[in-house]
Structures are given as C-alpha cells and as structure tokens.
Amino acid sequence: MRSRRRRRVRRLHGRRRRLLRCRARRAGARDRLRRLRAFIGRLARRVRQWPEARRLARLHRALDLPSADGGSLTARISHWAGLLPEPGRFGQAQRRVTWWKPTTWTQLAAGRLPGRRDRIQWAPDRAEDGGPGLTALRHLAALRAAGGDVDQDVTRRLAAALGDDPHGTLQRADDFVALTERRLVNLQAARISGTLPDDPDLEVEITAARAEASAARREWADLRARYAAAVPDAVASALAEIRDMGPEGNAGIVFGPDTTPDAERAVRGVQRLIPRTWLNAPAARRVTAVDGDEGRYEPDTQRITVADLADDGLGTAGHVLAQHLARHLDDLDAAQRAFWFSQTHTGRPGARRMRRSTLSRILRRQQTQPDTGDTLARSVQSMFNGDWYLDDDLRASWACSPPDEEEPCRSPSPADSMTGRPIACRSPGGLTAW
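Rules behind the numbers
- Residues numbered from 1 in each chain as written.
- Predicted model: local features only at pLDDT ≥ 70, side-chain atom pairs only at ≥ 80, totals over all residues.
- Heavy atoms only, no water.
- Helix = DSSP H or I, 4+ residues; strand = E, 2+ residues; numbered from the N terminus.
- Buried < 20%, exposed > 50% of the residue type's maximum accessible area, 1.4 Å probe, protein only.
- Contact = heavy atoms within 4.5 Å.
- Areas by Shrake-Rupley, 256 points an atom, 1.4 Å probe, with all protein chains shown as cover.
- Patch = residues over 30% accessible without salt bridge, like charges linked within 9 Å, V, L, I, M, F, W, Y side chains within 5 Å.
- Salt bridge = Lys/Arg side-chain N within 4 Å of Asp/Glu carboxyl O.
- Lys, Arg positive; Asp, Glu negative; His and termini not counted.
- Charge placed at Lys NZ, Arg CZ, Asp CG, Glu CD.
- Pairing = 2+ DSSP bridges.
- Axes fitted to C-alpha atoms, helices over the stretch in contact; angles between N-to-C directions.
- 1 Å grid on protein atoms, 1.4 Å probe; cavity = no way out; pocket = protein on both sides within 12 Å on 5 of 7 lines; lining within 4 Å.
- Points joined across faces, edges and corners; volume = space filled by probe spheres on them.
- Nonpolar A, V, L, I, M, F, W, Y, C, P; charged D, E, K, R; others polar.
- Expected span 1.5 Å × (residues − 1).
- Polar contact = N/O pair within 3.5 Å; in protein donor to acceptor, adjacent residues only side chain to side chain.
- Parallel < 35°, antiparallel > 145°, perpendicular 65-115°, else oblique.
- Left-handed = near helix turned anticlockwise from the far one by under 90°.
- Phe/Tyr/Trp six-rings, centres within 6.5 Å; stacked < 30°, edge-to-face > 60°.
- Lys NZ or Arg CZ within 6 Å of the ring centre and 35° of its normal.
- Core = buried A, V, L, I, M, F, W, Y, C linked by side-chain atoms within 4.5 Å.

Draft legend 1. Broad picture of the overall build of the chain. Helix and strand counts for the chain come out as 14 helices and 10 strands. Counting only residues that meet the buried cut, the chain has 40% of its 434 residues in that class. Within the chain, residue pairs in contact and separated by at least 24 positions form 71% of the contacts whose partners lie at least 6 positions apart. Only carbon and sulfur atoms are counted for the fraction: they give 51% of the accessible area of the chain, which is about 25,100 Å².

Here is the structure:
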C-alpha cells in the first residue's frame, strides 16, 4: 500500500516536471518569436530607407494610375484624359531656371552683385540613361491605358464580324503555316542529305506535307484578307464615339499640283482614320503624293510616294502619312519616342539598357527611324495590310495618341460627374484618340 502511494507520487512529480519543461519551452519559443518579429520590423524599416527602395517607391507612385473600371468607352477615355498634360507638353516636365539680371562693371567693382530672376519653363523629361523620366512614363502609361480600352472595343467589333478572338485566330493560323512549312523543309532536307535513303514513303510524306502547307497558307491568306478588310471599319466606328475623325471643310490634306490620281485616292482613303485636329495642323496639311515602286517620305519637300502592295496603296499611304504627321506634331513624336525606348530597354529609369523585344524583331527590317522605331507609321500601316494582330502592345499604345490642340466638344454628350462638362469634350488637358 505504501509502495503504491510512492509510485503515484513519483508519477505526479514526473508529470509536473514535464509540464514545467513544456511551459518553459513555450515561453522560450514565444520569446524567440517576439525577438524575430522585432528584428524583421527593424529590417523592414531599414530597407525602406535604402536609396534603391526610395527610388522604387517614387517610381510606383509615378506609375500607380487610378483605375477606370466600368462605364462607357467615352467615360473611360475621359478618365485617362485627365491624367495627360495640355497639348504640346507630352513627356515634358516643369523646371525652375534662375539667371542673373544685367549689370555693369562699375557695380561689380563696387561689390554689388546683380539681382536674380526665376522662371518656370517646360523641358523634355529625360532620365540619366537618355530615356523618358518619371513624368514622361506616367504620361505614356495613361496613354497606353486609354489605348487598351479602345483596343478592347475594336476587338469586340471585330469579333462580331469575324468570330470570337479574331487576333488569336489569325495568329494561330500564322503559326500553323510556319509549322507546316518547317515540316516540309525538314522532310526535303532528309531526302537531300540521305538521312532516309531507302524509305519508300518519304516521297508520299513530302507530297502530303507540300499539300498541307499550301492549304494552310491559302487559309491564312483568306483569313488575313478578311481581317484586313474589317479592321479599318472597326477602328473607325470605335473612334467615332470618342471624337471627330476624317477630313471636313478646311481640315484635310491639300494635295500639290504634281499629285497623281492613284496616290491621292490612297491618301484620301487613309484620311478617314486620322483625327480631324491632326489634319487641321497648318504645317502638315500640304503634301504631294505620287506613285512609286516603294513607299517613301521626303520631309524637305513634303513628298510622299505610295506603292500598291496588293492593298490599293493604303498600307504605304498610311505609313508615310503617319511619318509626315509625326514630323509636324511634337506630341506624336514625343509619344512614339517614349514608347520605343520603353519597348527596347529594360531596367529602372535612369539605368536602363538595351534589350531585344518582340516588337523590335517585328520591326527590325521595316523601320527607317531608329530613334522612334517607326511605331506610329507601322501601327497605321498594320490597320490596312492585315498585320494588326501581330503585337497587342503596339495596338494598345497607338489606339490612342496624345493631344495636338483643343477640339470643340461634340453635343449631345453625357456630363462628367466631376466637372459637369461633357465627357466627350477634348479640353487642353484631354486626350486626342486615334
């Protein structure tokens, strides 16, 4: 009886010791966790003060644009328009300039310093690497966001005419053509090199691959022709909801006396997709359009050469006309320079370096302006030759373009809840859409 009681006491003491050890381990774990949390907090506060972290925070604040979900296309474009500068200031930032007032040698000899004057002036926003700075990047981000909304509306209209996912359908057809042609080339190479010298089915495979490649190319060409015919109408109908498009009255291209009829007809066909305010720019109105074997723009004489590449000359006419407009409208040139630099460089602003992108590979053999990549001209041309599907970033960036000059409001138009003005009004701080 007494021994049984001793064993019970020993068990109770052992259980108590185990409970005390467990409690001590838990207290130690809580203490270690508390110290770890304090260390992480100190480390996070220290990291936020690093120069790189402060630079990233400034970049995030510069590019963190407010969302514009919901509403009509006109309301969303008006939202992005409020984030753009006034006409002629795209990609520019204000700088304070100080200079000395005029003085004389007598005043300087007497020890009297001249007065100073300050002035705020606009200058292109450039980072240390020569590319767009934070202000220019914010302008470009707002422009691309507006272009993305317009591109979605254009895609919806194309889907109604061509079926679901028109861009993806044509891209998959293009990829299938490349796949079938690569298979045909591999089979022919195997026959020539003797890899399969005695295979009786090789000629049958080559014949079948040749027929498959031919059928794939015919299907792709048919899809591309239908796509090229539908894109201009879809773009024109979408942009007509935002602003006035095409020539009217004095707003339009004035052709010189040496203009040929076919070239003039092609340029007039492109004009309906050009914003009316662009066509109303005095310096850009007069051109001479002639026929030729290849498209060409001569800026000194404002002479454009239109080549008919099985599209009635619309493709080359759009290309050279966009080059002509970008030369005379500073905002267009600044926007395409900022876009091209952001597409061909990587890294943080101020320390970006060149990289190869999908867009640069597409335009490598087609660009004539290495500083801008011919992005505006290439975008306009792609609307007529069926290449609109190749790069969604290019479509989104040039579905809307920066403002040139104030355009009167069109009425009737819904009112903006913030300002009470019609949201289709292109005010000086507004957006000029494609």
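Resuming the write-up.
Draft legend 2. Expanded view of a positive patch on the surface. On the surface, a cluster of positive charge is made up of R7, R8, R10, R11, R15, R17, R18, R21, R23, R25, R26 and R30. Relative to the helices and strands, R21 resides in helix α1 (residues 2-48).

Draft legend 3. Looking closely at the pattern of salt bridges. On inspection of all chains with the given rule, the structure shows 20 salt bridges. Measuring nitrogen to oxygen at the nearest pair gives 3.5 Å for the salt bridge that ties R172 to D165. Linking R337 and D333 is a salt bridge whose minimum nitrogen-to-oxygen distance equals 2.7 Å. You can see R337 and its partner D333 sitting in helix α11 (residues 330-344), four residues apart, about one turn around the helix. Classification of R337 as partly exposed rests on a relative accessible area of 32%. With a relative accessible area of 22%, D333 lands in the partly exposed category.

Draft legend 4. Region of the structure containing the sheet that holds strand β4 (residues 286-291). Taken in spatial order, the four strands of this open sheet run β3-β4-β6-β5, and their pairing is mixed. The open sheet is flanked by β3 (254-255) and β5 (296-298), the only strands paired with a single partner. Against the sheet, helix α8 (residues 261-271) touches β3, β4 and β6 (303-306), its axis set at about 125 degrees to β4. Across the sheet, helix α10 (residues 314-328) lies against β4, β5 and β6, angled at about 25 degrees from β5, the strand it touches most.

Draft legend 5. Quick peek at the layout of surface pockets. When its volume is computed, the largest pocket comes out at roughly 630 Å³. Lining of the largest pocket is provided by 29 residues; of these, L309, G315, T316, Q381 and N385 occupy positions nearest its centre. In terms of residues, the lining of the largest pocket owes the most to one element, α10, which gives six residues. For the lining of the largest pocket, the per-class residue count stands at 11 nonpolar, nine polar and nine charged.

Draft legend 6. Layout of helix α5 (residues 134-162). A rise of 1.5 Å per residue sets the reference length of α5, with its 29 residues, at 42 Å; its end C-alpha atoms lie 40 Å apart and thus fit the reference within 8%. Immediately downstream of α5, the backbone of G163 shows phi near 105 degrees, a positive value.

Draft legend 7. Representation of the environment of R191. Take R191: it is sitting in helix α6 (residues 166-193). Along the sequence, R191 and E203 sit 12 residues apart, while their C-alpha atoms lie 8.5 Å from each other. Setting aside residues up to four positions removed in sequence, R191 forms contacts with L202, E203 and I206.

Draft legend 8. Layout of the side chain of S382. The residue S382 is located in helix α13 (residues 375-385) in this model. Under the relative-accessibility criterion, S382 is labelled buried at 4%. A polar side-chain atom of S382 sits 2.7 Å from the main-chain carbonyl oxygen of S379. Beyond its immediate stretch of four places on either side in the chain, S382 contacts D387 and W388.

Draft legend 9. Molecular detail of the packing of α8 against α10. At a minimum axis distance of 9 Å, the contact between α8 and α10 shows a crossing angle of 70 degrees. One finds that α8 runs roughly perpendicular with respect to α10. Note that α8 runs across α10; the crossing there is right-handed. Only L314, A317, G318 and L321 of α10 make contact with α8, whose side of the interface consists of A266, V267, G269 and V270. Tallied by class, residues from the contact of α8 with α10 come to six nonpolar, two polar and no charged.

Draft legend 10. Spotlight on the environment of A216. Summarising the element assignment, A216 is placed in helix α7 (residues 202-240). Under the relative-accessibility criterion, A216 is labelled buried at 3%. For the pair A216 and A178, spaced 38 residues apart in sequence, the C-alpha to C-alpha distance is 9.1 Å. Every residue in contact with A216, bar those within four places of it in the chain, is listed here: F176, V177 and T180.

Draft legend 11. Inspection of the packing of aromatic side chains at higher detail. Going through the model one piece at a time under the given rule, you end up with one aromatic pair. With a centroid separation of 6.0 Å and 90 degrees between ring planes, the pair formed by Y227 and Y389 is classed as edge-to-face. Placement of Y227 in helix α7 and of Y389 in the loop between α13 and α14 (392-398) is noted, with a sequence separation of 162 residues between them. With relative accessibility at 5%, the residue Y389 sits in the buried group. Sitting over the ring of W100, R116 keeps its end group 5.7 Å from the ring centre.

Draft legend 12. Representation of the nonpolar core in the model. Counting 65 residues, the largest nonpolar core has V154, V235, V267 and M383 as the members making the most contacts within it. Ranked by residues supplied to this core, first place goes to α7 with 11 residues. Setting aside chain neighbours within four positions, we find V235 in contact with V154, L273, M383 and W388. Counting five residues, the second-largest nonpolar core is a separate cluster that includes L184, L202, I206 and A209.

Draft legend 13. Examining the packing of α10 against α13 more closely. One way to put it is that α10 packs onto α13 with a least axis distance of 7 Å and a crossing angle of 155 degrees. Here α13 runs roughly antiparallel to α10, going by the angle between their axes. Remark: the crossing between α10 and α13 carries right-handed chirality. Contact residues: L314, G315, T316, G318, H319, A322, Q323 and A326 in α10; L376, A377, R378, V380, Q381 and F384 in α13. Of the residues that constitute the contact of α10 with α13, the class distribution is seven nonpolar, six polar and one charged.

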